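# Geometric and topological summary
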Amino acid sequence: MTRRALRWLVAALAGLSSIAAHASDPTVDLFPRAATGYVVAINGKPRWARAPDSPRAPASLTKVLTALVLLEHDWQPHAQIVVSARASHATGARLGLRAGERAYAVELLEAMLVASANDACLALAEAAAGSAQAFVTRMNERAAALGMVASHFEDPCGFDQPRQVSTPNDLLRLTATALTVPAFAQAIAQARGEVHTLGGRKLSYTTSNLLLGRLDGARGVKTGHTSNAGRCLIGLATRGTTQVIVVLLDAPDRWWTAAVLIEEAFRAAQSG
Amino acid sequence: MIRSSIRLLPGALALALSAALPAAAQTREPGDLWEVTSEMSMSGMPAGMNMPQRPPQRICRARNSDKPPVGDNDGRCEMYDTKRTGNAFSWKMRCEGNPPSTGTGEMTYEGRDSYKGAMTLNVSGQTMAIKLVGKRVGECDGGESKRQVAAVQQQAAAAQQQATDARAMQCKGAVDSMMPYLLRAETGLQCDPKYKTDLCRKLQTPEGFSAVAPRAPSQMAGMGSGDLKEIGEFCGANVTDLRVRLCKRADEQETLDFLASSCLGYTRIDGSASAKPADSFGSVIIARECAGRTFSSPPAQQYRSFCSAAARQNLMQPVTADASKAGTGTTKPEEPKEDAATRGKKLLKDIFNR
């Protein structure tokens with residue numbers, strides 16, 4: 001009696017683990033309506049995905065690569081960055097920097113990552129490489145070195161361009177690398193900040209990431225939105241020793257979607 | 001002083017020992033220790049050929065026992081129809097073994113210290129004759145064997161009870177976990193039918209139904225997974241009708257946990273998978289409490305978990321052709337500045353209305 005019951009239990013467990021294995025197959029799209037392209041990774045391993053290698057406009061998720069390139073190339077946090085006229089006219093999310101104003105690199109970097117400030121982004125890219133275009137060359141070189149084979153960048157801040165594309169898997173790889181840089185990990189977790197221009201102006205900003213402070217374990221990373229890209233997000237959350245990264249490209253309701261996917265991922269991690 | 005203490009020591013030790021012994025061990029019964037010699041012979045055996053003889057056996061028998069002091073082959077033989085007439089005993093016996101055997105025996109006491117007797121055993125059609133000679137060689141505790149038998153019986157009863165309890169626990173576990181497989185006859189568990197009744201009654205409750213509703217069918221042929229279809233068949237219940245009945249009540253009473261676990265995505269009309277979210281159980285609450293809520297101004301606390309479940313349910317729906325859209329090509333990264341009210345209306349609208 002007991003032996004038969006045990007045999008059944010063992011077989012049932014084997015069956016359950018086969019279901020679990022199926023559910024963990026990265027080709028399985030458990031959430032078809034989450035986004036046009038998405039990937040959910042638990043402790044670095046992709047768990048669920050939809051069109052994970054299909055290129056799409058990444059919008060301001062681009063700034064993760066911008067930050068990585070800045071931090072890896074002779075980064076001087078207290079360098080004084082002069083805001084160009086072009087940078088001061090950047091559209092979309094912005095701090096309101098004026099042409100000719102100077103500010104510290106580290107403060108501009110944080111504003112770029114936390115508030116997605118395009119004026120700060122452009123000022124940093126121009127200062128680092130001489131021009132936005134020269135900086136983009138560095139970005140593409142770094143992307144290639146990272147193995148982001150389906151990605152190409154034409155704008156350092158994520159403005160739509162015909163060949164400005166990336167994929168959920170490429171952005172996942174990029175994020176995992178960027179998180180190993182302490183200055184990046186520290187910046188993306190902030191909910192608010194200030195840029196103090198050397199002329200004495202104080203420009204305050206708050207994070208564009210609504211998960212921060214609202215979802216247990218949320219650590220931020222990057223938001224993005226353009227007409228081509230739709231609403232995008234790279235979300236990071238950690239609970240205990242489990243880390244979840246969600247990349248969403250064109251997710252109509254990215255906050256609810258990200259929250260649901262992150263909760264599901266932690267639940268899946270807990271149940272093995 | 002020291003000498004008197006030494007004199008008292010054996011008595012004290014005896015007292016201490018008797019206190020330490022279990023009560024059963026202290027009740028000795030007067031018994032006689034017999035040494036029994038048996039000489040066997042078998043019918044049809046060629047002349048000059050002898051059966052192997054057993055060495056003398058020592059048998060302890062209580063003085064008031066109604067059984068003769070004859071060996072019982074290490075407990076494998078049972079004596080019955082034992083009769084005593086004066087100094088003489090007669091009995092019948094049956095012995096387990098392969099093959100089993102039956103037989104009769106008799107003996108007569110020659111005074112208090114010896115006896116003579118004979119037994120006849122039939123084994124597979126052969127007859128074995130055994131001459132017995134017994135000699136009393138001392139005294140013994142005649143209750144020992146009784147206690148041993150009682151202890152063995154007690155152990156067997158305890159083991160039997162343990163097995164019964166374990167089976168009951170497994171059967172109850174099958175009900176608690178709503179897994180009918182263990183209640184099926186083929187598992188060999190042989191649960192009382194009341195457990196099936198309990199499980200099927202539990203299925204009719206929100207608690208039981210919601211435990212089963214999220215289960216996916218097992219992917220292994222012939223393997224029970226305890227999913228709704230399997231339990232419905234096991235109980236002979238129409239689970240679609242049951243879902244409609246339970247979910248209607250949950251909708252009316254706003255039992256959010258049950259609605260979230262068992263009703264979202266199923267139509268109020270006939271309990272089938274809902275193609276239109278508006279027809280789904282819970283859609284009224286979703287429209288009232290979840291739709292249009294932004295992540296930064298979330299639903300009221302008591303509806304948050306329910307609204308999250310609704311969002312999850314929606315994310316898992318297949319994508320329809322009109323859900324995909326193409327970009328229009330403007331060039332501002334990051335979301336345009338919108339007032340909170342406009343954004344509140346837009347956000348989540350797609351989730352619940354597309």
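Residues numbered from 1 in each chain as written. Chains lettered and ligands numbered in written order. Predicted model: local features only at pLDDT ≥ 70, side-chain atom pairs only at ≥ 80, totals over all residues. Heavy atoms only, no water.

## Digging into the overall build of chain A
For chain A, the count of helices and strands is nine helices and nine strands. Classification of the 272 residues of chain A by burial places 57% in the buried group. The long-range fraction of contacts in chain A, counting pairs at least 24 apart against all pairs at least 6 apart in sequence, stands at 60%. Put simply, chain A shows about 10,500 Å² of open surface, and 53% of that area lies on carbon and sulfur atoms. (Helix = DSSP H or I, 4+ residues; strand = E, 2+ residues; numbered from the N terminus. Buried < 20%, exposed > 50% of the residue type's maximum accessible area, 1.4 Å probe, protein only. Contact = heavy atoms within 4.5 Å. Areas by Shrake-Rupley, 256 points an atom, 1.4 Å probe, with all protein chains shown as cover.)

## Topic: the pairing of strand β1 (residues 30-42) of chain B
All names here are of chain B. Taken together, the 13 bridges between β1 and strand β7 (residues 126-141) define a ladder with antiparallel strand orientation. When the bridges of β7 are listed, Ser41 appears paired with Ala129. Direction of pairing for β1 relative to strand β2 (residues 57-62): antiparallel, over a ladder of six bridges. Bridging across to β2, Glu35 finds its partner in Arg58. (Pairing = 2+ DSSP bridges.)

## Structural notes on the layout of surface pockets
Residue and element names in this part refer to chain B. Looking at the second largest pocket, its volume works out to about 800 Å³. Taken together, the elements giving at least two residues each to the lining of the second largest pocket come down to β2, β3 (77-85), β4 (88-95) and α3 (144-176). By residue number, the principal contributor to the lining of the second largest pocket is α3, which donates seven residues. (1 Å grid on protein atoms, 1.4 Å probe; cavity = no way out; pocket = protein on both sides within 12 Å on 5 of 7 lines; lining within 4 Å. Points joined across faces, edges and corners; volume = space filled by probe spheres on them.)

## Observations regarding the pairing of strand β8 (residues 230-239) of chain A
Residue and element names in this part refer to chain A. Where burial is concerned, most of β8 is hidden: eight out of the 10 residues are buried. As paired strands, strand β7 (residues 218-226) and β8 are joined by eight bridges and run antiparallel to one another. By the bridge assignment for β8, Ala218 is matched with Ala237. Hairpin connection of β7 to β8: three residues between the antiparallel strands. Of the pairings in the sheet, the one linking β8 to strand β9 (residues 242-249) comprises seven bridges and is antiparallel in character. Bridging across to β9, Leu236 finds its partner in Ile245.

## Regarding the confidence of the model for chain A
When pLDDT is averaged along chain A, the result is 91, and 90% of the positions lie at 70 or above. In this model residues 1-24 of chain A is a low-confidence stretch, pLDDT under 50, and it forms 29 contacts with partners more than four residues away in sequence or in other chains. (pLDDT = per-residue confidence, 0-100.)

## Considerations on the state of the cysteines
Among covalent bonds in proteins, the disulfide is the one between the sulfur atoms of two cysteines. Residues and elements named next belong to chain B. By the definition in use, this model includes seven disulfides over all chains. Covalently, Cys60 is tied to Cys140 through a disulfide, its sulfur atoms 1.9 Å apart. Residues Cys60 and Cys140 are joined by a disulfide whose S-S torsion is about 95 degrees; by sign, that bridge is right-handed. Here the residue Cys60 occupies a position in strand β2, and Cys140 occupies one in strand β7, the gap between them amounting to 80 residues. Its relative accessible area of 15% is what places Cys140 among the buried residues. (Disulfide = S-S within 2.5 Å.)

## What to know about the environment of Gly224(A)
Of note, Gly224(A) is situated in strand β7. A C-alpha to C-alpha distance of 9.4 Å links Gly224(A) and Asp250(A), two positions 26 residues apart in sequence.

## Some details on the packing of helix α9 (residues 283-290) of chain B against helix α10 (residues 301-315) of chain B
Residue and element names in this part refer to chain B. As a packed pair, α9 and α10 sit with axes 10 Å apart at the nearest point and diverge in direction by 115 degrees. The angle between the axes of α9 and α10 places the two elements in the roughly perpendicular class. At the point where α9 passes α10, the crossing takes the left-handed sense. For the pair α9 and α10, contact is made by Ile285, Ile286, Arg288, Glu289 and Cys290 and by Tyr303, Phe306, Cys307 and Ala310, respectively. Of the residues assigned to the contact of α9 with α10, the class counts are seven nonpolar, no polar and two charged. (Axes fitted to C-alpha atoms, helices over the stretch in contact; angles between N-to-C directions. Parallel < 35°, antiparallel > 145°, perpendicular 65-115°, else oblique. Left-handed = near helix turned anticlockwise from the far one by under 90°. Nonpolar A, V, L, I, M, F, W, Y, C, P; charged D, E, K, R; others polar.)

## Let's talk about the environment of Arg231(A)
Residues and elements named next belong to chain A. Summarising the element assignment, Arg231 is placed in strand β8. A residue is classified by how much of its surface remains accessible, and Arg231, at 17% relative accessible area, is buried. Residues Arg231 and Ala59, 172 residues apart in the sequence, show an inter-C-alpha distance of 8.5 Å.

## A short note on the packing of aromatic side chains
Residue and element names in this part refer to chain B. Evaluated as defined, the whole model comprises six aromatic pairs over all chains. Relative to Tyr109, the ring of Trp34 has its centre 5.8 Å away and its plane inclined at 50 degrees; by these criteria the two rings are tilted. Placement of Trp34 in strand β1 and of Tyr109 in strand β5 (residues 101-109) is noted, with a sequence separation of 75 residues between them. For Trp34, a relative accessible area of 3% puts it in the buried group. A relative accessible area of 15% places Tyr109 in the buried class. Each residue in the set Trp34, Phe89, Tyr109 and Tyr115 is aromatic and connected to the rest through ring pairs, giving one cluster. (Phe/Tyr/Trp six-rings, centres within 6.5 Å; stacked < 30°, edge-to-face > 60°.)

## As for helix α4 (residues 105-114) of chain A
Residue and element names in this part refer to chain A. For α4, a buried count of nine out of 10 residues is recorded, marking the element as mostly surrounded by other parts of the structure. Looking only at α4, the buried set comprises Ala105, Glu107, Leu108, Leu109, Glu110, Ala111, Met112, Leu113 and Val114. Following α4 by one or two positions, Ser116 adopts a phi angle in the positive range, close to 60 degrees.

## Observations concerning the pattern of salt bridges
Scanning the model with the defined rule gives 27 salt bridges over all chains in all. Among the ionic pairs, Arg86(A) bridges to Glu126(A), the shortest N-O distance being 4.0 Å. With Arg86(A) in helix α3 (residues 85-88) and Glu126(A) in helix α5 (residues 118-129), this residue pair connects regions lying 40 residues apart in the sequence. Between Arg239(A) and Asp216(A) there is a salt bridge, with the nearest N and O atoms lying 3.5 Å from each other. Here Arg239(A) is found in strand β8, whereas its partner Asp216(A) is found in the loop between β6 (202-206) and β7, with 23 residues between them in sequence. Asp216(A) sits in the exposed class, given a relative accessible area of 53%. Overlapping salt bridges bring together Asp32(B), Arg63(B), Arg112(B), Asp113(B), Arg136(B) and Glu139(B) as one network. (Salt bridge = Lys/Arg side-chain N within 4 Å of Asp/Glu carboxyl O.)

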